[in-house]
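Understanding the architecture of this molecule
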Amino acid sequence: MISAKLPAATNVRPGLFLIYARSSNGVIGKDNGLPWRLPADLRRFKALTIGKAMVMGRKTFESLPGLLPGRRHIVLTRDAGWSAEGAQVATDIAQALSLAGEGEVAVVGGAEIYRLFMPLAERVELTEIHATFDGDTTMPPLGPEWTEVSREVHQAEAGRPAFDFVTYARRDGEGAA
């Protein structure tokens, strides 16, 4: 497991958000990829991450088609000797946040990385996919510390399932202890 060395103050970090898509049965991935194709979700991902630092695990980085233009790639890995062109390497949460600097930071996966950063996130940008998928990576539903602040509904079309873009914000006083 990656070191969960937290910053000195383990409060919610302003600007830190998780972004992911989750099927109705909790699946977020299969074979280091997405088990669905939703072009609107990819456009939303780009819109919400462009110009920002992105924190991800090594497997997520390696699953990308290449460096995503206009974004910084911070890779959290157990292997301090790992490197890849265009990636900044961190071996713990505090180092990843230090590399990210001020402003908005998008945590983009995978599941272990989401679990590590969830206590520090101020919001979650979730695509709720209204279908079940086979997969090998899952995320549980969000807990009571989260409240929905916006929802954009998309109907099923062209053989693609219905989905909603949902923004959740952490309830006041519900940060990490």
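Notes on the overall build of the protein chain
Counting its secondary structure elements, the protein chain contains four helices and ten strands. For the protein chain, the succession of helices and strands along the chain, N to C, is β-β-α-β-α-β-β-α-β-α-β-β-β-β. Its C-alpha atoms put the protein chain at 45 × 40 × 30 Å along the principal axes. Across the 177 residues of the protein chain, 45% fall into the buried class. Considering only contacts within the protein chain whose residues lie at least 6 apart along the sequence, 66% involve residues at least 24 apart. Total accessible area computed for the protein chain in this model is approximately 8900 Å², and 51% of it derives from carbon and sulfur atoms. Distance from the positive charge centre (20 side chains) to the negative charge centre (21 side chains) of the protein chain: 3 Å.

Some points on the sheet that holds strand β5 (residues 87-90)
Spatially, the eight strands line up as an open sheet ordered β5-β4-β3-β6-β1-β7-β10-β9, and their pairing is mixed. Looking at strand neighbours, the two that pair on one side only are β5 and β9 (146-154), the edges of this open sheet. Between one strand axis and the next, the sheet turns by 25° as a mean value, whatever way the strands run. The pairing of strand β7 (residues 123-129) with strand β10 (residues 163-170) spans seven bridges and is classified as antiparallel. Following the sheet pairing, Thr127 is matched in β10 by Phe165. Each of β1 (16-23), β3 (53-57), β6 (105-107), β7 and β10 touches helix α1 (residues 39-49); the most contacted strand, β10, lies at about 30° to it.

Some remarks on the environment of Val107
Tracing the sequence through the fold places Val107 in strand β6. Under the relative-accessibility criterion, Val107 is labelled buried at 0%. Separated by 29 residues in sequence, Val107 and Asp136 place their C-alpha atoms 20 Å apart. Apart from residues lying up to four places away in sequence, Val107 is in contact with Leu16, Phe17, Leu18, Ile19, Val55, Ile113, Tyr114 and Phe117.

Calculation notes
- Residues numbered from 1 in each chain as written.
- Predicted model: local features only at pLDDT ≥ 70, side-chain atom pairs only at ≥ 80, totals over all residues.
- Heavy atoms only, no water.
- Helix = DSSP H or I, 4+ residues; strand = E, 2+ residues; numbered from the N terminus.
- Buried < 20%, exposed > 50% of the residue type's maximum accessible area, 1.4 Å probe, protein only.
- Contact = heavy atoms within 4.5 Å.
- Areas by Shrake-Rupley, 256 points an atom, 1.4 Å probe, with all protein chains shown as cover.
- Lys, Arg positive; Asp, Glu negative; His and termini not counted.
- Charge placed at Lys NZ, Arg CZ, Asp CG, Glu CD.
- Pairing = 2+ DSSP bridges.
- Axes fitted to C-alpha atoms, helices over the stretch in contact; angles between N-to-C directions.

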